[in-house]
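Structural description and commentary
Listed here are the chains, written in short residue letters.
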Amino acid sequence: QVQLVESGGGLVQAGESLTLSCAASGSTYDINTIGWHRQAPGKQRELVAEISTGGSANYANSVKGRFTITRDNGRNKVYLQMNRLKFEDTAVYYCNAKGNLFNPSLEFWGQGTQVTVSS
């Protein structure tokens, strides 16, 4: 089992920045990719950004150039630096971890943290 704990959400104005953190604990050796997904009211959950153990990152088109995902493997933490936030970035942000090649079916979710951007 892997536990994921998010922090850093809050209320900001459009154009401001916010950094989210995700701390992983437990059987972290079973996971590879860790990422952030978000879900706005009335919408489906969507991928925001994800990063592999090796540092390869993938971003949603809507956040490219504004968001940066980084990973500290030694501390089992992943960060999402969000710049130039827009009203449409408002959502609950969830940390997600996927299993490695030996555990491809594993997937874990955090409880989520609210990000609200006022226009």
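Reference entry: report on the structure contained in this document. (Residues numbered from 1 in each chain as written. Predicted model: local features only at pLDDT ≥ 70, side-chain atom pairs only at ≥ 80, totals over all residues. Heavy atoms only, no water.)

1. A look at the nonpolar core
Grouped together as the largest cluster of nonpolar side chains are 29 residues, with contacts concentrated most on L4, W36, V48, F67, L80, M82 and Y93. Those elements giving two or more residues to this core turn out to be β1 (2–7), β3 (18–26), β4 (31–39), β5 (46–51), β7 (67–72), β8 (77–82), β9 (91–99) and β11 (113–118). Among residues more than four places away in sequence, those in contact with Y93 are E6, L20, W36, H37, R38, V48, F67, L80, M82, G112, T113 and V115. (Core = buried A, V, L, I, M, F, W, Y, C linked by side-chain atoms within 4.5 Å. Buried < 20%, exposed > 50% of the residue type's maximum accessible area, 1.4 Å probe, protein only. Helix = DSSP H or I, 4+ residues; strand = E, 2+ residues; numbered from the N terminus. Contact = heavy atoms within 4.5 Å.)

2. Let's talk about unusual backbone geometry
For N76, which is not glycine, the phi torsion reads 55 degrees and is therefore positive. On the secondary structure map, N76 appears in the loop between β7 and β8. Its identity as a non-glycine residue notwithstanding, R84 has a phi of 45 degrees, on the positive side. With respect to the element layout, R84 can be found in the loop between β8 and β9. On the basis of relative accessibility, which here comes to 48%, the residue R84 falls in the partly exposed class.

3. What to know about the pattern of salt bridges
Under the criterion given, the structure shown has five salt bridges. Across the pair R38 and D89 runs a salt bridge, and its minimum N-O distance is 2.9 Å. Of this pair, R38 sits in strand β4 while D89 sits in the loop between β8 and β9, and the two are 51 residues apart along the sequence. Residue R38 shares its accessibility class with D89, and that shared class is buried. K98 is paired through a salt bridge with E50; the nearest N and O atoms lie 3.9 Å apart. Of this pair, K98 sits in strand β9 while E50 sits in strand β5; the two residues are 48 residues apart in sequence, bridging distant segments of the chain. Judged by its relative accessible area of 18%, E50 falls in the buried class. (Salt bridge = Lys/Arg side-chain N within 4 Å of Asp/Glu carboxyl O.)

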